[in-house]
Amino acid sequence: MCLAIPSRVIRIKDMIATIDVYGARRDISLLLMPDEVEIGDYVLVHAGFAIQKVQEEVARESLSLIKQVLEATEEELS
Amino acid sequence: MQRVVNKIRELIDSIGRPVRLMEVCGTHTVAIFRHGIRNLLPSGIKLLSGPGCPVCVTSIRDVETAIAISRIKGVILTTFGDMMRVPGNHKSLSEAKAEGSDIRIVYSPLDALKLAEKNRDKKIVFFATGFETTSPSVAGTIMQAGKEGIDNFYIYSVHKTVPPALRALLNSGEVKVEGFILPGHVSTIIGTRPYGFLASAYGKPSVVTGFDAGDILTGIMMLLEQIASGRAEVEIQYTKVVKEEGNPKAVAIMNEYFEPEDAVWRGLGTIPGSGLKLRENFRQRDIRSVIDLVVPEGKEPKACSCGDVLKGIKIPTDCVLFGKACTPEKPVGACMVSSEGSCAAYYKYEAISK
């Protein structure tokens, strides 16, 4: 449940950012972010909120892992 | 990675006795199986799963209360999907929904808030489960509800915090672990300071660890280095994400809205100050203060070892129900329901391979 997904920010309007994960787009809140977020940054997203900035290469590494974990979870649910 | 495995072997040889470590977080439990970490480790290292699966530690009474809330006329109960199949005394949220309760799965508490905006004549209640990774998001949603003047949004908070649970585990004296693999994402929020007592008061090494195979092995290596040299400190392996101070803004928002209260953990009982309830000035958002509900004490299913598994006293295969009366398709205890529960992870990765 505490999984946080790294996502690329592609648009920002006030405290709402649009993120892109594997082509899927979502609006998330930047309310909890301690630092300024810019377009192109990668952020960790949990339950609709960005909680931390991460470096691009870290984001790419973790995404492949998270994909595996999510697949494992889906197999289990199906 | 081989270099790290070799170093782990050297360290365990130099320590000269078996070492028991606890991975606190359910996401680590899954990652450890997924990466086959146990097969890479020398036999002297035993990894035990801890109480870090929010779904698993939600008490039966809290599940029953959520079901009771969902039955109230004019209420839409919203929840993270993981909670749907958790058994209460008699049934789960999933079964309550089949019987007519309006229960909706949301990905974010903000989705529940949107639902409240669209359904002003209903009470939208969010079943607020989860650790410190999640509670700031719920606090942020209540903040948003206030800004937008959405008065029909409520929460039923069963949020829990990780450090008090670790303290309670150590105080119980039942748990024999020498070091903790601390959660990566909870620590992204709270940083390392709230764990300081593990080292200072209990002399237990602990390392905040990331989730890929290299991260986990390095975290284990760092714990063994501390044990071998007689040190006890809180260290961070997951430095690319976790900072010592955590995310101060998220912590401030969480603390603005929530205050600690005693909470009942499934299998572990009441742990002082380990829950979060809304502070007095936000009590109008707390469904417990709006609706009077009397829900009887929950009873743990007979023979279910979930409690001992969450404490690291038993491993899932020690339970008489495991894989027989209790399977992921028909779970008896919560540890088998959540994909991050130890029993579900053992069932999927261990029992099947044997």
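Bear in mind that the values here come from a model prediction, so they are computed numbers and not experimental data.

**Re the overall build of chain A**
Helix and strand counts for chain A come out as 1 helix and 5 strands. Long-range pairs, those at least 24 residues apart, make up 39% of the contacts in chain A with a sequence separation of at least 6. On chain A, roughly 3,900 Å² of surface is accessible, and the fraction owed to carbon and sulfur atoms is 48%.

**A closer look at the packing of aromatic side chains**
All names here are of chain B. Counting across every chain of the model gives 9 aromatic pairs over all chains. Between Phe 131 and Trp 265, the ring centres sit 5.9 Å apart and the planes meet at 25°, which makes this aromatic pair stacked. Here Phe 131, found in the loop between strand 5 (123–128) and helix 8 (135–148), pairs with Trp 265, found in strand 10 (residues 258–265); they are 134 residues apart in sequence, far enough to count as distant. Comparing Phe 131 with Trp 265, the two get one shared label, buried. Sitting over the ring of Phe 197, Arg 167 keeps its end group 4.2 Å from the ring centre. For Lys 348, the ring lying beneath its charged end belongs to Tyr 349, and the centroid distance is 5.4 Å.

**Here we look at the sheet that holds strand 3 (residues 75–79) of chain B**
Note on sheets: strands pair through backbone hydrogen bonds, and any given pair is parallel or antiparallel. All names here are of chain B. Strand order in this open sheet of 4 strands is 4-3-5-6, and the pairing throughout is parallel. The sheet terminates laterally at strand 4 (103–105) and strand 6 (153–157), the two strands that pair on one side only. Put simply, the sheet's adjacent strands are angled 30° from each other on average, direction ignored. Sheet topology places strand 5 next to strand 6; 5 bridges connect them, and they run parallel. Looking at the pairing, Ala 128 lines up with Ser 157 of strand 6. Strands strand 3, strand 4, strand 5 and strand 6 of the sheet are contacted by helix 5 (residues 60–70), whose axis makes an angle of about 145° with strand 3.

**Thoughts on the domain arrangement of chain B**
Residue and element names in this part refer to chain B. Domain assignment breaks chain B into domain 1 (2–53 + 175–184 + 201–235), domain 2 (56–161 + 246–289) and domain 3 (306–353). In this structure, domain 2 and domain 3 have C-alpha centres spaced 26 Å apart. In this complex, domain 2 contributes 9 residues to the contact, which on the side of domain 3 involves 12 residues. Summed over both partners, the interface of domain 2 with domain 3 buries about 880 Å², with 69% contributed by carbon and sulfur atoms. Summed over the three residues of domain 2 that lose the most area to domain 3, namely Cys 56, Arg 85 and Leu 268, the buried surface amounts to 56% of that side. At the boundary of domain 2 and domain 3, one finds 1 residue pair in polar contact (both at pLDDT 80 or more). Of the residues that constitute the side of domain 2 that touches domain 3, the class distribution is 5 nonpolar, 1 polar and 3 charged.

**Quick word on the side chain of Ser274(B)**
Along the polypeptide, Ser274(B) turns up in strand 11 (residues 269–278). Ignoring sequence-local partners within four residues, the contact set of Ser274(B) consists of His159(B), Lys160(B), Thr161(B), Pro164(B), Glu261(B), Ala263(B) and Trp265(B).

**Observations regarding the interface of chain A and chain B**
Of the residues lining the interface, 30 residues belong to chain A; the matching set on chain B comes to 44 residues. In total, about 3,200 Å² of surface goes out of reach between chain A and chain B, with carbon and sulfur atoms giving 62% of it. At the junction of chain A and chain B, the tally comes to 1 salt bridge. Two residues, Asp111(B) and Arg26(A), come together in a salt bridge whose shortest N-O distance is 3.5 Å. Linking chain A with chain B are 8 residue pairs in polar contact (both at pLDDT 80 or more). For the side of chain A that touches chain B, the elements supplying multiple residues, two or more each, are strand 3 (24–29), strand 4 (42–46), strand 5 (49–54) and helix 1 (56–77) of chain A. Residue contributions to the side of chain A that touches chain B peak at 9 residues, all from helix 1 of chain A. Of the residues assigned to the side of chain A that touches chain B, the class counts are 19 nonpolar, 6 polar and 5 charged.

**Side note on the nonpolar core**
Considering soluble globular proteins, one finds that nonpolar side chains tend to be buried as a cluster. Residue and element names in this part refer to chain B. In terms of nonpolar packing, the biggest core is built from 111 residues, with Phe 153 and Leu 166 touching the most fellow members. If near-sequence neighbours (up to four positions away) are discounted, Leu 166 is found in contact with Val 24, Phe 180, Leu 182, Tyr 195, Phe 197 and Leu 198. Ile 8, Ile 32, Met 221 and Ile 227 belong to the second largest nonpolar core, which has 25 residues in total.

**A word on the state of the cysteines**
All names here are of chain B. The final tally for this structure, using the stated rule, is 2 disulfides over all chains. The side chain of Cys 53 participates in a disulfide bridge whose partner is Cys 56; the two sulfur atoms lie 2.3 Å from each other. Note on the Cys 53 and Cys 56 pair: the S-S dihedral is about 70°, so by sign convention the disulfide is right-handed. For Cys 53, a relative accessible area of 3% puts it in the buried group. On the basis of relative accessibility, which here comes to 0%, the residue Cys 56 falls in the buried class. Shown here is the disulfide that connects Cys 306 with Cys 335, its sulfur atoms set 2.1 Å apart. In this structure the cystine formed by Cys 306 and Cys 335 twists about its S-S bond by roughly 100°; its chirality is therefore right-handed. Residue Cys 306 is found in helix 15 (residues 306–310), and its partner Cys 335 is found in helix 16 (residues 334–337); the two are separated by 29 residues along the sequence. Accessibility assignment for this pair places Cys 306 and Cys 335 in one class, buried. Cysteine pairing for chain B (bonded cysteines numbered in sequence order): 1-2, 3-4. Just so you know, Cys 319 is unpaired, no disulfide at all, and the nearest cysteine sulfur is the one on Cys 304, 5.9 Å from it.

What counts and what doesn't
- Residues numbered from 1 in each chain as written.
- Chains lettered and ligands numbered in written order.
- Predicted model: local features only at pLDDT ≥ 70, side-chain atom pairs only at ≥ 80, totals over all residues.
- Heavy atoms only, no water.
- Helix = DSSP H or I, 4+ residues; strand = E, 2+ residues; numbered from the N terminus.
- Contact = heavy atoms within 4.5 Å.
- Areas by Shrake-Rupley, 256 points an atom, 1.4 Å probe, with all protein chains shown as cover.
- Phe/Tyr/Trp six-rings, centres within 6.5 Å; stacked < 30°, edge-to-face > 60°.
- Buried < 20%, exposed > 50% of the residue type's maximum accessible area, 1.4 Å probe, protein only.
- Lys NZ or Arg CZ within 6 Å of the ring centre and 35° of its normal.
- Pairing = 2+ DSSP bridges.
- Axes fitted to C-alpha atoms, helices over the stretch in contact; angles between N-to-C directions.
- Domains from an automatic or database assignment.
- Buried area = accessible area lost by both parts, 1.4 Å probe.
- Polar contact = N/O pair within 3.5 Å; in protein donor to acceptor, adjacent residues only side chain to side chain.
- Nonpolar A, V, L, I, M, F, W, Y, C, P; charged D, E, K, R; others polar.
- Salt bridge = Lys/Arg side-chain N within 4 Å of Asp/Glu carboxyl O.
- Core = buried A, V, L, I, M, F, W, Y, C linked by side-chain atoms within 4.5 Å.
- Disulfide = S-S within 2.5 Å.

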